[in-house]
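Results of the structural survey
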Amino acid sequence: MKHVLVTGGAGYIGSHACKLLAQQGYVPVAFDSLVTGWASAVKFGPLVQGDLLDRDALDAVFSQYQPIAVMHFAALSQVGEAEREPGRYWRNNVLGSLNLVEAMIAADCKSLVFSSTCATYGDQDGVVLDELSGQKPLNAYGASKRAVEEILRDFGASDGLEAVVFRYFNVAGADVDAEIGEWHQPETHLIPVMIEAAAGARGALTIYGTDYPTPDGTCVRDYVHVMDLVDAHLKGLEWLLEGKGSRAFNLGTGTGFSVKEVIAECKAATGHDVPHSIGPRRAGDAAALVSGSRRAIEELGWTPERSTLQHMIADAWRWYKTGGYSG
């Protein structure tokens, strides 16, 4: 049996990766602290509850399952929190990843698909980012992810670790079967917050800043459907297993949407108004972040076919109406 260790496998993206891995004949082993993940999201393979800061727990899971590779999603990822508590981000994201890599090397497991972020590029307005764009993160979240990329490079040189690194921005949507989806408590991501507001499950959402140098003054972001995203991760795994070596890929559509545009599409997709108010800018937010994916398309054969606002919001709305997770 081909086991793949999925850190953060009880979380939003990790659970979708587990479903796709299982469909392709792998056995996904979800390793998750359940601080933000959900045990009920783990439906496609075993769950091991553990923390990346616990090296003994990592050694035990490698010994028990002997995975052929690792998909590493587990991380803290909130920009505002990273501004307030940078120490948590350096400790969890960097030290946790270092523990993971050292446990991999000790277990002779040397293939890693790493979920990084285009936040490593910082605020580069007016350009479509590619893998050669300069990395100048604005906050501890982006900086911690960039540091992990450097760790992977160094262990590649010293121990033969091979890593496919994916840098991407906003992920949205849900499993098309609505078995799993995005369910944070509390929720902070725009599309699910917007859906909650449209459904009357919360008060008006806040637009953080309307004075950015963008066409309508609100932040512009590139969105990728979660199923397109995990499809790229599966292709990255296969890339490594075929012996093609370490490589970094951006994942995006090359098209950005403003907060106001997303709100308008939510109304069209759900048939409900989206109550909203205007607030001040959040520290650390860039004005416009858009990423191309030419390398992933040409080299991995990846196509973000579901990554339209219509598909992402419709799938997220369908998932929301299931009632989400309870534990």
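The structure contained in this document is the topic of the report that follows. Small disclaimer: the values here were computed from a predicted structure and weren't measured.

1. Concerning the overall build of the protein chain
- Of the regular secondary structure elements, the protein chain holds ten helices and 14 strands.
- For 327 residues, the compact-globule formula gives about 20 Å, and the C-alpha radius of gyration of the protein chain, at 19 Å, lands near that figure.
- C-alpha atoms of the protein chain, sized along the principal axes, occupy 55 × 40 × 40 Å.
- Relative to its full complement of 327 residues, the protein chain shows a buried share of 55%.

2. Regarding the environment of A75
- Along the polypeptide, A75 turns up in the loop between β4 (69-72) and α3 (79-84).
- Residue classification places A75 among the partly exposed residues on the basis of a relative accessible area of 32%.
- In the structure, A75 is positioned 70 residues away from K145 in sequence and 8.9 Å away in space, judged by C-alpha atoms.

3. Focus on the packing of helix α6 (residues 190-198) against helix α10 (residues 309-320)
- Across the interface, α6 lies against α10 with an axial gap of 10 Å and an inter-helix angle of 55°. One way to sum up the angle between α6 and α10 is to call them oblique. The chirality of how α6 crosses α10 is right-handed. Residues I191, M194, I195 and E196 of α6 form the contact with α10, whose participating residues are I313, A316, W317 and Y320.
- Among the residues making up the contact of α6 with α10, the classes are represented as seven nonpolar, no polar and one charged.

4. Notes on the pairing of strand β6 (residues 162-168)
- Across the seven residues that make up β6, a large majority, six, are buried.
- By the bridge criterion, five bridges tie strand β5 (residues 111-115) to β6 in an arrangement that is parallel. The partner of V113 across the bridge, within β6, is V164.
- Relative to strand β11 (residues 247-251), β6 runs parallel, the two sharing five bridges. For V165, the partnering residue across the bridge sits in β11 and is A248.

5. Section: the sheet that holds strand β9 (residues 220-221)
- The strand order across the open sheet built from three strands is β12-β9-β14, with neighbouring strands paired in mixed fashion. Of all the strands in the sheet, the pair left with one neighbour each is β12 (257-258) and β14 (288-289).
- Bridge analysis of β9 against β12 gives two bridges, and the strand direction is antiparallel. Paired with V220 across the strands is S258, a residue of β12.

6. Topic: the sheet that holds β5
- Pairing is parallel across the open sheet formed by seven strands, whose spatial order is β3-β2-β1-β4-β5-β6-β11. The strands lining the two open edges of the sheet, one partner per strand, are β3 (47-49) and β11. Ignoring strand direction, the axes of neighbouring strands in this sheet form an average angle of 20°.
- With five bridges joining them, strand β1 (residues 3-7) and strand β2 (residues 27-32) adopt parallel strand pairing. Along β2, the bridge assignment pairs L5 with V29.
- Running at roughly 165° to β5, helix α5 (residues 140-159) makes contact with β5 and β6 of the sheet.
- Along the sheet, helix α7 (residues 226-241) makes contact with β1, β4, β5, β6 and β11, crossing β6 at roughly 160°.

7. Quick look at the pairing of β5
- Of all five residues that make up β5, five are buried, and the element is covered over most of its length.
- With burial as the criterion, each face of β5 is covered, one bearing S111, V113 and S115 and the other bearing L112 and F114.
- Bridge count between β4 and β5: three bridges; the pairing is parallel. Across the sheet, residue M71 finds its bridge partner in β5, namely V113.

8. Description of the environment of K235
- By the secondary structure assignment, K235 is in helix α7.
- On the basis of relative accessible area, K235 is assigned to the partly exposed category, the value being 23%.
- Residues K235 and D216, spaced 19 residues apart in sequence, show a C-alpha to C-alpha distance of 37 Å.
- Those residues in contact with K235 that sit more than four places away from it in its chain are L300, G301 and W302.

Criteria and cut-off values
Residues numbered from 1 in each chain as written. Predicted model: local features only at pLDDT ≥ 70, side-chain atom pairs only at ≥ 80, totals over all residues. Heavy atoms only, no water. Helix = DSSP H or I, 4+ residues; strand = E, 2+ residues; numbered from the N terminus. Rg over C-alpha atoms; globule rule 2.2 N^0.38 Å. Buried < 20%, exposed > 50% of the residue type's maximum accessible area, 1.4 Å probe, protein only. Axes fitted to C-alpha atoms, helices over the stretch in contact; angles between N-to-C directions. Parallel < 35°, antiparallel > 145°, perpendicular 65-115°, else oblique. Left-handed = near helix turned anticlockwise from the far one by under 90°. Contact = heavy atoms within 4.5 Å. Nonpolar A, V, L, I, M, F, W, Y, C, P; charged D, E, K, R; others polar. Pairing = 2+ DSSP bridges.

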